[in-house]
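Descriptive structure summary
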Amino acid sequence: MILQREYEFTLPKGYMDQEGNIHRNGVMRLATALDEIEAARAPGARDNGDYMSVLLLSRVITRLEGVENITPAVIEQLFTADFAFLQNMYETINNAEEAVIHVQCPYCNKNFTDTLNFASRE
């Protein structure tokens, strides 16, 4: 079994940069113990426990289309829907044995399991 370490995603709203460009597609990797340790040690996290999520996401998001560096400042500027989406994704991929989804076909009522995909298929 090969361990999937990176997951593509599409943000529901998208990150808006200073020029007004929207960036939606990216990649998140699995977190390491060092990611969590470093985020917990950071001054912002010590003063505000909720800020740890911002720090963690800035470490594990490896790509966001058109954005050169994913920093805490980038994560801070996300719309709340996108921030919540990424927090949920982080929890899903880091706490599950395998990121899968159980679904039922609305036409034939057959149940099946598929790999969870965070990217939209427009």
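In what follows, the structure referred to is the one given above.
In what follows, the accompanying structure is described. From a predicted model like this one, the values you see are computed outputs, not experimental measurements. Every chain is numbered on its own, with residues counted from 1 as its sequence reads. Restriction of local features to residues with pLDDT of at least 70 applies here, the model being predicted, together with a cutoff of 80 or more for giving and counting side-chain atom pairs; totals for whole chains, interfaces and linings are based on all residues. Only heavy atoms go into the side-chain values, all of them from the structure, while hydrogens and water stay out.

**Quick notes on the overall build of the chain**
To be explicit about the condition: For helices the rule is a DSSP run of H or I covering at least 4 residues; for strands it is a run of E covering at least 2, with both sets numbered from the N terminus onward. Working definition of accessibility: Shrake-Rupley area with a 1.4 Å probe, residue cover restricted to the visible protein chains.
Scanning the chain from terminus to terminus reveals five helices and five strands. Of the regular secondary structure in the chain, the N- to C-terminal order runs β-β-α-α-α-β-α-α-β-β. Carbon together with sulfur atoms contributes 48% to the accessible area of the chain, which is approximately 8200 Å² in total.

**Observations regarding the environment of E6**
Threshold: In what follows, a contact means two residues having at least one pair of non-hydrogen atoms within 4.5 Å.
Relative to the helices and strands, E6 resides in strand 1 (residues 6–16). Taking C-alpha positions, E6 is 4.2 Å from R29, a pair spaced 23 residues apart along the chain. When near neighbours in sequence (up to four residues on either side) are disregarded, E6 contacts V27, M28, R29, T62 and R63.

**Section: unusual backbone geometry**
The phi angle at N109 is positive, at roughly 65 degrees, despite the residue not being glycine. Tracing the backbone through its elements, the reader meets N109 in the loop between strand 4 (100–104) and strand 5 (111–115).

**Here we look at the pairing of strand 2 (residues 22–29)**
Operational definition: Two strands are counted as paired when DSSP detects at least two bridges linking them.
Sheet analysis places strand 1 next to strand 2, joined by seven bridges and oriented antiparallel. Note on strand 2: the bridge partner recorded for M16 is I22. Counted between consecutive antiparallel strands, the loop separating strand 1 from strand 2 contains five residues, among which G20 sits at a positive phi close to 90 degrees. Where strand 2 meets strand 3 (residues 61–64), three bridges bridge the pair, whose relative direction is antiparallel.

**What about the nonpolar core?**
Generally speaking, soluble globular proteins have nonpolar side chains that are buried together. Going by this rule: We define a nonpolar core as any set of buried Ala, Val, Leu, Ile, Met, Phe, Trp, Tyr and Cys residues linked to one another through side-chain atoms lying within 4.5 Å. Note on exposure labels: buried denotes an accessible area under 20% of the residue type's maximum, exposed denotes more than 50%, and partly exposed covers the range between, all computed with a 1.4 Å probe on protein chains only.
In terms of nonpolar packing, the biggest core is built from 26 residues, with F9, M28, L57, I61, I75 and L86 touching the most fellow members. Where this core is concerned, the elements lending two or more residues are strand 1, helix 3 (51–60), strand 3, helix 4 (72–76) and helix 5 (80–95). Sequence-distant contacts of L86, that is, excluding residues within four places in its chain, are made with F9, L11, M28, L57, I61 and L78.

**Observations regarding empty space enclosed by the protein**
Convention followed: Grid points spaced at 1 Å and placed over the protein atoms alone form the basis of the search, with a cavity being a set where a 1.4 Å probe fits but cannot get out and a pocket an open set showing protein on both sides within 12 Å along at least five of seven lines. Lining residues have an atom within 4 Å of a point. Grid points are joined across faces, edges and corners, and a volume is the space filled by probe spheres set on the points. In this count, Pro and Cys sit with the nonpolar residues alongside Ala, Val, Leu, Ile, Met, Phe, Trp and Tyr, while Asp, Glu, Lys and Arg are called charged and the others, Gly among them, polar.
Tallied over the full model, the rule gives one cavity of 30 Å³ or more. In this model, the largest cavity occupies a volume close to 30 Å³. Lining the largest cavity, in full, are F9, L11, I61, L64, I70, V74, I75, L78 and L86. Elements supplying a minimum of two residues to the lining of the largest cavity: strand 1, strand 3 and helix 4. Class assignment for the residues of the lining of the largest cavity results in nine nonpolar, no polar and no charged.

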